[in-house]
Amino acid sequence: MTVQEFAAQLQSFIDRHDRIILSGHIRPDGDSIGSCVALGLELERQGKHPMIYYEGDISRYGWVQQTLPVLDENGLCKATRGRFAWIMLDCAEPARTGEAAVCADLAEETLCIDHHVIKNEYANFNWIRSEATSTSEVLYELFKVMEYPISKEVAVALFTGIAFDTGGFRHSSMTPQVFHMAGELAATGLDITQIMNGLFHTKKFIEEKVMSVILRKAKMYNGKIILSAMEGKDFLSVGASSDDCEGAVAQLAEVEEAEAAVFLRELQPDLIRVNLRSKHFVDVAQVARAFGGGGHVRAAGCTIAEPMLLAQQMILAELKKQLPEEH
Ligand SMILES: [Mn+2]
């Protein structure tokens, strides 16, 4: 399918519906929030009634406009009783949206726009561009094709998504075209410093304290893999929760000697969330897939239902398969 063909499908989907629920993935990030807001604002411009369901805290993204109706769990419950359509953004599996997954069955029609490598297409209409940096980039292209206006508010949302998912225009996914897009978005007069500082240079004191524990516990394996793991008691030791370490794996990956970085955190006893990064040759998406997770070659994640120590051993064993043999 060409982008023009999908864009036409998207427009007729919008035309067929009035109330449209938008949701991104759980633990919303810059790209899932940015893409929900950008498309939500366009739906509103077209006279529709968009509603966004976020599962998790979005307060750190205060510069992204949040004038659209946002549903809490109760609101979601009520909204799904009437007729509605559902758009899934920045993830392709209903389960990744948390409570909003009920929309997969209750919505009249579903549509998905994503950039992750996926196993199955769940929505009635799917536009998956795994080569794109971000869902926001995919949306930008659709806006261009459909000649939807890009207001400053839409530009802030899309710029936030692209900047977030490229690690501040640094990841290997960056292309001259993406810089060009960012330039066009910036030309609407958005505050680049506010967005970049908000995304990458603003941490709560508690997050810095958690990071000090994460770094103290970090170990290097085979001289190439840096790994740190946080159990419930480690979070308690600094009065933090497992939500207070979003940027941990990226910071571990800054270590010069590390080809791959792994960060494990205990969500519940025997339920471990694993975040992975790599720099040159390790395919962390492959590692994540071995445990039912997914992602990109350089950034991926999975969840392992095992005790912490076993989860660490399993991940390390899978990563080591990709290291060159030592002689
Ligand atoms: Mn994304």
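Re the overall build of the protein
Part 1: Along the protein, the regular secondary structure elements total 13 helices and 12 strands.
Part 2: Against the globule reference of 20 Å for 327 residues, the protein gives a C-alpha radius of gyration of 20 Å, in line with a compact fold.
Part 3: Each of the 327 residues in the protein was classed as buried or not, and the buried ones make up 45%.
Part 4: Put simply, of all contacts in the protein between residues at least 6 apart along the chain, 64% involve residues at least 24 apart.

Describing the sheet that holds strand β4 (residues 85-89)
Part 1: Here 6 strands make up an open sheet; going across it, the order is β3-β2-β1-β4-β5-β6 and the pairing parallel. At either end of the open sheet lies a strand with only one pairing partner, and these are β3 (70-71) and β6 (125-128).
Part 2: Two elements, strand β1 (residues 19-23) and β4, share 4 bridges in a ladder whose sense is parallel. Its bridge partner being in β4, I21 is matched across the sheet by W86.

Section: the pairing of strand β10 (residues 271-278)
Part 1: The element β10 is extensively covered by neighbouring structure, given that 7 of its 8 residues are classed as buried.
Part 2: A loop of 2 residues connects strand β9 (residues 260-268) with β10, the two strands running antiparallel in sequence, and D270 in this loop sits at a positive phi of about 65 degrees.
Part 3: Pairing between β10 and strand β12 (residues 299-304): 6 bridges, direction antiparallel. Residue pairing across strands places N275 opposite G301, the latter belonging to β12.

Structural notes on the domain arrangement of the protein
Part 1: By domain assignment, the protein separates into domain 1 (3-200) and domain 2 (205-320).
Part 2: In terms of residue class, the side of domain 1 that touches domain 2 is built from 1 nonpolar, 4 polar and no charged.

Some words on the nonpolar core
Part 1: Core analysis: the biggest nonpolar cluster contains 57 residues, and L158 and F159 have the highest contact counts within it.
Part 2: Looking at this core, the element that brings in the most residues is helix α6 (residues 152-165), giving 9 residues.
Part 3: Contact partners of F159, with chain neighbours within four places excluded, come to A182, L185, A186, L190 and I195.
Part 4: Core analysis: the next-biggest nonpolar cluster, separate from the first, contains 36 residues, I225, I272, V287 and A300 among them.

Let's talk about unusual backbone geometry
Part 1: Even without a glycine there, the phi angle at R27 is positive, about 50 degrees.
Part 2: With respect to the helices and strands, the residue R27 is situated in the loop between β1 and α2 (30-45).
Part 3: Take R27: there are 15 C-beta atoms within 10 Å of it, and that puts it in the partly exposed class.
Part 4: Within the chain, F169 stands out as a residue other than glycine whose phi angle is a positive 60 degrees.
Part 5: Within the secondary structure, F169 sits in the loop between α6 and α7 (176-186).

Looking at the packing of α6 against helix α8 (residues 192-200)
Part 1: At a closest axis distance of 10 Å, the pairing of α6 and α8 adopts a crossing angle of 45 degrees. Taken together, the axis directions place α6 and α8 in an arrangement best described as oblique. In this structure, α6 meets α8 at a crossing whose hand is right-handed. Residues V156, F159, T160, A163 and F164 of α6 touch α8, and the partners they reach there are I195, M196 and L199.
Part 2: When the residues that make up the contact of α6 with α8 are grouped by side-chain class, the tally is 7 nonpolar, 1 polar and no charged.

What to know about the sheet that holds β10
To summarise the sheet geometry, strands pair through backbone hydrogen bonds and adopt either a parallel or an antiparallel arrangement.
Part 1: Spatial strand order, β7-β8-β9-β10-β12-β11: 6 strands in an open sheet with mixed pairing. Unpaired on one side and paired on the other, β7 (219-221) and β11 (294-295) mark the two borders of the sheet.

Considering the environment of V282
Part 1: Tracing the backbone through its elements, the reader meets V282 in the loop between β10 and α12 (284-289).
Part 2: A tally of 23 C-beta atoms within 10 Å means that V282 is categorised as buried.
Part 3: With 22 residues separating them in the primary sequence, V282 and A260 have C-alpha atoms 6.9 Å apart.
Part 4: Setting aside chain neighbours within four positions, we find V282 in contact with E259, A260, L319 and Q322.

Some details on the packing of α6 against α7
Part 1: Between α6 and α7, the shortest axis-to-axis distance is 9 Å and the interhelical angle comes to 150 degrees. With respect to their mutual orientation, α6 and α7 come out roughly antiparallel. Two packed elements cross with a definite hand, and for α6 against α7 that hand is left-handed. For the pair formed by α6 and α7, the contact residues are A155, L158, F159 and I162 on the first element and V178, M181, A182, L185 and A186 on the second.
Part 2: Classifying every residue of the contact of α6 with α7 by side-chain character gives 9 nonpolar, no polar and no charged.

About the cut-offs
Counting starts from 1 at the beginning of each chain's written sequence and moves along it residue by residue. Local features are withheld for residues below a pLDDT of 70 in this predicted model, meaning they are given only at 70 or higher, and side-chain atom pairs are given and counted only at 80 or more; totals for whole chains, interfaces and linings count all residues. Here a helix means four or more residues in a row that DSSP labels H or I, a strand means two or more in a row labelled E, and each is numbered from the N terminus. The quantity called the radius of gyration is restricted to C-alpha atoms. Its globule counterpart is 2.2 Å times the number of residues to the power 0.38. Every C-beta atom is placed from the backbone, and the number of other C-beta atoms within 10 Å of a residue's own sets its class: buried at 20 or more, exposed at 12 or fewer, partly exposed in between. This entry defines residue contacts through backbone-placed C-beta atoms, with two residues in contact when those atoms are within 7 Å. Strand pairing follows a simple DSSP-based rule, namely that at least 2 bridges must link the two strands. Domain borders in the structure are assigned automatically or taken from a domain database. When residue character is reported, Ala, Val, Leu, Ile, Met, Phe, Trp, Tyr, Cys and Pro are called nonpolar, Asp, Glu, Lys and Arg charged, and the others, Gly included, polar. As used throughout, a nonpolar core is a set of buried Ala, Val, Leu, Ile, Met, Phe, Trp, Tyr and Cys residues joined through C-beta atoms within 7 Å of each other. Where helices are involved, their axes are fitted lines through C-alpha atoms of the stretch in contact, as for all axes, and angles between N-to-C directions lie from 0 to 180°. The labels follow the angle: roughly parallel below 35 degrees, roughly antiparallel above 145, roughly perpendicular from 65 to 115, and oblique for the rest. In this scheme the crossing of two helices becomes right-handed for a clockwise turn of the near helix relative to the far one and left-handed for an anticlockwise turn of less than a right angle.

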